[in-house]
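Notes for the structure review
Each chain, written out:
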Amino acid sequence: MELNQNKLQTKQNIYFNMRVFILLFSFLLHFHNVQAQNPAGQNQGGQRPDSARYRATMKDSSFMRNMAPVGKVIGILRDSSSRQPLEFASVALLKVKDSIEVGGSLTDEKGQFRMEDVMPGRYFIRITSIGYRQLDSKPFMLNPQEPLKDFGNVWMPPSSRVLKETEIVGEKVEYVNSLDKKVYNVDKSMINAGGSAGEVLQNIPSVSVDIDGKISLRGSEQVTILIDGKPAGLTGDNRGSILQQLPAGSIDQIEVVTNPSAKYDAEGTSGIINIKTKKDKNPGINGTVTVGVGTRDKYNASLNLNRRTKTNNLYFNYSFRDDRRTNEGKSFRTNTFGTDTSYVIGWNEGYNDNFSHNLRAGLDLYLNDYNTLGFSGGYNMRDEKRRDLSFNATQNVDLLTTSSFNRLSKSTESSGIMDGSIDYRHTYANSKRELTASGNLNVNETDDQNVLNTFFPPPTSQLRQRVNTKGLSYSGVAQVDYLHPFENSKIETGLKATLRNNDSEQSSDRYDFDNDSYNVDSLFSDQFIFTEWVYAGYLQWSGRYKLFELSAGLRAEQTMIEGESKSADTTFTRDFINLFPSAAIKYRISEGKDIQLSYSRRVNRPRERQLNPFRSVSDSLNVFVGNPSILPELTHSLELGFTGIYGNTNVSANLYYRNTSDNTQRFRTVDPVTNIATQTFVNYKTAENMGAELTLRNTFLKIFTSSATFTLFYNKVDASNVQSDLVSEVWSGDVRGSVSTKVSKQFSFQVTANYMAPRKQPQGTFKGMSGVDLGFKYDFKGGKWSLGGSVSDVFDNREFNIDNTGTGFRQEMVRKRETRVGNLTLSYRFGKMEQGRDRRKQTNRPQDSGQQNDMMDF
């Protein structure tokens, strides 16, 4: 096979060389005839053959039109401040004479662009990308003698830069928007100083995080969260706790993909959030050391090291967090069954103390020009202590207490998460074909020990329980992808296999005060084993025609699920195959203005906790039980997007519509005899979501940058299959705004505010929430030391106020977590990390028409 390929390559080279030889011979013959007719070296118009006017005339002649396309234009786009590659930027090829666009390319994930089979002639390229200044190159000539124009690294200045004469000062923009995804450079946000990944997500438009760490995108919790493109143990119910341990200082970007194509996993009906961690790409040894302290016993520290050479890249990251947060809540429930009315009053207060270490290391080996091999691994160790004191009382219609109890809960949870990955990438000579393969393994072990002391009025006195929950879960992913480009299009295809297994065991003991010993309580003991296999394959085509960009794809996934509850003596299996098509069309209205329509089909599969039929008792009046009969959600998603640049303002607007069948929601019932509230998960008939998002980003007075996001959405949930009158409709919205200013070259300041409007669910209403955050950053002279600070929820008014209603009951709940926190962080950078901040001169000299082969100046 290799020999045949070499023979084919040799034939292609011979054919190419023959074409060039024939063209050169024709040119020389034509030139000789002209010279014979004009011995003085003048043509009939008095032009010299080497003059610019003569070359322009020749370009439009039949001779030039009949020449074969032999030209090629290549280069790499990079952010001039961060020096990172820019993907999804538009590079257009235009004629010098009339500025007509004759070709174009989008940069890939490495910032590379390539245009092949270009006719001989005189051209320039125009580069546009949301959040960056438009750049035009100097004119250049392509001809058989010099068919290649290689621009090398092209440094793109963000549009927020301040121009002083011919000097540009580097500044990475905080937000870059493209039609298929939004990228937030969170390391530029000052309010994230000393925070966690969960708090970073809380400040991303269209993303919300509740008091339990549950993450929603556009109002839906059915969102897939990745770290560096991999699940990293974030597929279970504990992902909120894991994200609270990931420091904000280790995060480079947050990518939000609201309507993914068929090449992405179909899991997550509302989209994908990808958290990209920092990995320095500057040569040599580079590093950052950060230490931080927060109000009320909060501490953090991190170390990032990187060593890059021509043959390999070695990196190591370590972080430590000690985060103590208080919490409190209260509730009031009215039970009405027939003529009987009773009230249940409750309140609680406590704290969580999280202590964690994060380690991550990796090695990228550049084996040769065409092969790269990468290894990476990480370990997260977490210890959490929780203390909670609660009170519950039941009263009759005359407000006389009929029963009551106090409960003191003390729990200690420890967990260890290990993961390892191997990645391989192969490119092909003289082609943009690419083959990638990867494997990932994740192991998560938890041990949660909880002691519950419940105190009743005499004669019952006291009840003591000891609950121990142990879990061992692992997941593995193996996939291979192939990309094959054509002249104006490309095909991508791939296969993927995912295995997830979770073995969770809960044992409960009740203390016998008479015998001074613990006895097993079988009613509260359980073991649940859950296994899921997903096999997937996809095929996607994308292409470009004039001002249009098109894509269409199809993904097939087979899912097999097994679950077993030992206590409930229940075993269930599922096996289903689904097809997930996707399509998109993008049209360039004019320079800097694009519109796109996209469609995809998505799925949300039920998770372990939702399926486990074991009865979990949080207290004697509140019970949770899973439902092994619930079905996966299937969603059709349609989105229309627009991006444009108007002066100093970037505009992004989106309209979206989602229709979901078998919508999975929590459902609460109350027993009229015992007053016990039971919560489970059920499938509602349908859910419809539609909404509009508008994002504006503006630079004014040279030192101020503002951004605002307005979200308006409509949700309709039809649960008439569960309860005949259970249908809800609601209009709601969110507003987020941010203003940052560079007071001086060294000092920056930022203010951010957000408001979540009230929203309704079939069994309740969330009453809204708002907050204001402040942040600052001071870079010491020399640029190696910096001091950052932040205050979250300045007015301390972020709390969750929820009103639940159902058959025979209404419950009002208020829950609040410590949200007003002040942080100070001190960072030291060393190595070559500061070189991206150097100033470069911008050349504005007019292009000499006699120069054909000058390199690009910006």
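Residues numbered from 1 in each chain as written. Predicted model: local features only at pLDDT ≥ 70, side-chain atom pairs only at ≥ 80, totals over all residues. Heavy atoms only, no water.

Before going further, it helps to examine the overall build of the protein chain. Helices and strands together make up the secondary structure of the protein chain, namely six helices and 47 strands. Buried positions account for 48% of the 858 residues belonging to the protein chain. Carbon and sulfur atoms make up 56% of the accessible area of the protein chain, which amounts to about 41,200 Å² in all. (Helix = DSSP H or I, 4+ residues; strand = E, 2+ residues; numbered from the N terminus. Buried < 20%, exposed > 50% of the residue type's maximum accessible area, 1.4 Å probe, protein only. Areas by Shrake-Rupley, 256 points an atom, 1.4 Å probe, with all protein chains shown as cover.)

Considering soluble globular proteins, one finds that nonpolar side chains tend to be buried as a cluster. By size, the foremost hydrophobic cluster in this structure holds 21 residues, and its most contacted members are Leu201, Ile215, Ile251, Ile254, Ile273 and Ile275. Of all elements in the fold, only α4 (197–202), β13 (207–209), β14 (215–217), β15 (223–227), β16 (251–257) and β17 (271–277) reach the threshold of two or more residues within this core. Residues within four places of Ile215 in sequence aside, it is in contact with Leu201, Val207, Ser208, Val209, Ser220, Glu221, Val223, Ile225, Arg239, Leu243 and Ile273. Val73, Leu93, Ile127 and Met156 belong to the second-largest nonpolar core, a separate cluster that totals 19 residues. (Core = buried A, V, L, I, M, F, W, Y, C linked by side-chain atoms within 4.5 Å. Contact = heavy atoms within 4.5 Å.)

This part takes up unusual backbone geometry. We note that Ser206 has phi near 75 degrees; this positive angle belongs to a residue other than glycine. Assignment of secondary structure puts Ser206 in the loop between α4 and β13. The phi torsion at Lys546 lies on the positive side, around 55 degrees, for a residue other than glycine. Locating Lys546 in the fold gives a position in the loop between β28 (526–545) and β29 (548–565).

Taken as a whole and judged by the stated rule, the model has 40 salt bridges. Between Glu267 and Arg607 there is a salt bridge; the shortest N-O distance is 3.4 Å. In this pair, Glu267 sits in the loop between β16 and β17 while Arg607 sits in the loop between β31 (593–604) and α6 (608–611), placing the two residues 340 residues apart along the sequence. Residue Glu564 pairs with Lys566 through a salt bridge whose shortest N-O separation is 3.2 Å. By relative accessible area, which is 42% here, Lys566 ends up partly exposed. Salt bridges here are not isolated pairs; linked through shared partners, they connect Asp265, Glu267, Lys496, Arg500, Glu532, Arg555, Glu557, Arg605, Arg607 and Glu608. (Salt bridge = Lys/Arg side-chain N within 4 Å of Asp/Glu carboxyl O.)

Turning to the packing of aromatic side chains, a few remarks are in order. Inspection of every chain in the model, using the stated rule, returns 18 aromatic pairs. Between Phe405 and Phe456, the ring centres sit 6.0 Å apart and the planes meet at 50 degrees, which makes this aromatic pair tilted. On the criterion of sequence distance, the pair formed by Phe405 in strand β23 (residues 401–427) and Phe456 in the loop between β24 (434–455) and β25 (462–485) is long-range, its members being 51 residues apart. A relative accessible area of 6% means that Phe405 is categorised as buried. A cation over a ring is seen here: Arg433 above Tyr428, with NZ or CZ 3.9 Å from the ring centre. (Phe/Tyr/Trp six-rings, centres within 6.5 Å; stacked < 30°, edge-to-face > 60°. Lys NZ or Arg CZ within 6 Å of the ring centre and 35° of its normal.)

So, on to the sheet that holds strand β4 (residues 112–118). A sheet is described by the order of its strands in space; here three strands give the open sequence β4-β1-β8, paired in mixed fashion. A strand with exactly one partner marks an edge of an open sheet, and here the two such strands are β4 and β8 (148–156). For this sheet the average axis-to-axis angle between neighbouring strands, irrespective of direction, equals 15 degrees. Pairing analysis gives seven bridges linking strand β1 (residues 71–79) to β8, with the strands arranged parallel. Across the sheet, residue Lys72 finds its bridge partner in β8, namely Leu148. (Pairing = 2+ DSSP bridges. Axes fitted to C-alpha atoms, helices over the stretch in contact; angles between N-to-C directions.)

Of all the eight residues making up strand β5 (residues 121–128), eight are buried; the element is thus mostly covered by neighbouring parts of the structure. Across the two faces of β5 the burial is the same, with Gly121, Tyr123, Ile125 and Ile127 and Arg122, Phe124, Arg126 and Thr128 all buried. Here six bridges tie strand β2 (residues 90–95) to β5, and the two strands are oriented antiparallel to one another. Paired with Leu94 across the bridge in β5 is Phe124. Two strands pair when backbone bridges link them, and β5 and strand β7 (residues 140–142) are joined in this way by three bridges, in the antiparallel orientation. Directly across from Tyr123, in β7, lies its bridge partner Phe140. Inspection of the sheet shows β5 paired to strand β6 (residues 135–136) by two bridges, in the antiparallel sense. Residue Arg126 lies in a different strand from β6, and its bridge partner there is Asp136.

Once that is clear, we can look at the pairing of strand β35 (residues 649–670). Where strand β34 (residues 633–646) lies against β35, 13 bridges are found, and the strand directions are antiparallel. Considered in β35, the bridge of Gly644 is made with Val651. Taking the residues between adjacent antiparallel strands as the criterion, β34 and β35 are bridged by two residues, where Gly647 takes a positive phi near 65 degrees. Following β35, the chain reverses through six residues before pairing antiparallel with strand β36 (residues 677–700); Asn675 in that reversal takes a positive phi of roughly 65 degrees.

Okay, the confidence of the model for the protein chain next. For the protein chain, per-residue confidence averages 81 on the pLDDT scale, and residues scoring 70 or more make up 84% of the total. Every residue in residues 833–858 scores below 50 in pLDDT, and together they form 68 contacts with partners more than four places removed in sequence or on other chains. (pLDDT = per-residue confidence, 0-100.)

A few words on the side chain of Arg407. Position of Arg407 among the secondary structure elements: in strand β23. Here Arg407 falls in the buried class, since its relative accessible area comes to 9%. Within the local environment of Arg407, its side chain forms a polar contact with the side chain of Thr454, the two groups lying 3.2 Å apart. (Polar contact = N/O pair within 3.5 Å; in protein donor to acceptor, adjacent residues only side chain to side chain.)

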